[in-house]
Amino acid sequence: MKNKKTFAGILKEAWRKFLVAIKRRPQMIALVVITVAFLYYSLNLMHISDTTARIQGPGMGLAGFCTMLFSMLSFMCFLNAFPYRKPVHKPMLILMFVMFAIIIGCDVYYSSMILNAVTRGENPIVITEQTAYIAKAYNMLRAHMIILIVGIVLVVLLPVYSKLLRKVKTSIEVEDNGEMGAIDLSND
């Protein structure tokens, strides 16, 4: 049987198809990172909510709300900035970067409010087992900012790595039986 495929052959073909898909739409790499940032923040939102309720600093709830809102809106701007088989929609790209700046600003503000509450001179909040969610929220915000900055860098460097991806060879070698001259193309 010539058509019998090995597991390694199937994996190699799947990898080739994945590379072809990435070559056609390299912006998907940045989209995956931005999606991870959104999911990371969303799935850890309980720590943010508990921290807001415990510290009750001015604007903490608004900062958490803005981060969530602009995360969803920047995701939609990303999808509209890179339409399929069309040039980049620059106003959406600029709007997306503005939203990323707002998200990072809200994360920095929220982190500073946590830091102020923990290190203030009178009546500081002590991190214990019962208030461990405050430390988790602080660490989560730092990680969220790092993931988001990686996504921003990937969007900025998209022209560079899309050119590099185009150089990756993904074509299939087709075997020739040597009888190309034997094919009759005349109309009978």
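Presented here is a report on the structure given in the accompanying data block. (Residues numbered from 1 in each chain as written. Predicted model: local features only at pLDDT ≥ 70, side-chain atom pairs only at ≥ 80, totals over all residues. Heavy atoms only, no water.)

1. A word on the overall build of the protein
Condition: For helices the rule is a DSSP run of H or I covering at least 4 residues; for strands it is a run of E covering at least 2, with both sets numbered from the N terminus onward. Any residue under 20% of the maximum accessible area for its type is buried, any over 50% is exposed, and the rest in between are partly exposed; the area is computed with a 1.4 Å probe on protein chains only. By the convention used here, residues are in contact when the closest approach between their heavy atoms is within 4.5 Å.
What the protein contains, in helices and strands, is seven helices and zero strands. The linear arrangement of helices and strands in the protein, starting from the amino end, is α-α-α-α-α-α-α. Expressed as a percentage of the 188 residues in the protein, the buried residues total 33%. A fraction of 79% describes how many contacts in the protein between residues 6 or more apart in sequence connect residues 24 or more apart.

2. Examining the pattern of salt bridges
Condition: The salt bridge definition used is simple: a Lys or Arg side-chain nitrogen within 4 Å of an Asp or Glu carboxyl oxygen.
The tally for this structure, following the rule as stated, stands at one salt bridge. Across the pair Glu13 and Arg16 runs a salt bridge, and its minimum N-O distance is 2.9 Å. Of this pair, Glu13 and Arg16 both sit in helix H1 (residues 7-24), separated by three residues, roughly a single helical turn. Looking at Glu13, the relative accessible area reads 26%, which means it is partly exposed.

3. A short note on the layout of surface pockets
Worth spelling out the cut-off: Here a cavity denotes a set of grid points, spaced 1 Å apart and computed over the protein atoms alone, in which a 1.4 Å probe fits but from which it cannot get out, and a pocket denotes an open set meeting protein on both sides within 12 Å along at least five of seven lines; residues with an atom within 4 Å of a point are reported as lining. Grid points are joined across faces, edges and corners, and a volume is the space filled by probe spheres set on the points. Residues were grouped as follows: Ala, Val, Leu, Ile, Met, Phe, Trp, Tyr, Cys and Pro as nonpolar; Asp, Glu, Lys and Arg as charged; and all remaining residues, including Gly, as polar.
Considering only enclosed or pocket space, the largest pocket measures out at about 360 Å³ in volume. Together, 17 residues line the largest pocket, and Arg24, Pro26, Gln27, Lys86 and Val88 are the ones closest to its centre. Of all the secondary structure elements, the ones that give two or more residues to the lining of the largest pocket are H1 and helix H7 (158-166). A total of four residues in the lining of the largest pocket trace back to one element, the largest contributor, which is H7. Residue classes in the lining of the largest pocket are distributed as nine nonpolar, two polar and six charged.

4. Section: the side chain of Ser71
Counting through the fold element by element, Ser71 comes out in helix H4 (residues 60-81). Classification of Ser71 by relative accessible area gives buried; the value is 6%. For Ser71, the residues in contact, after removing those within four places along its chain, are Phe38, Cys66, Ile103 and His144.

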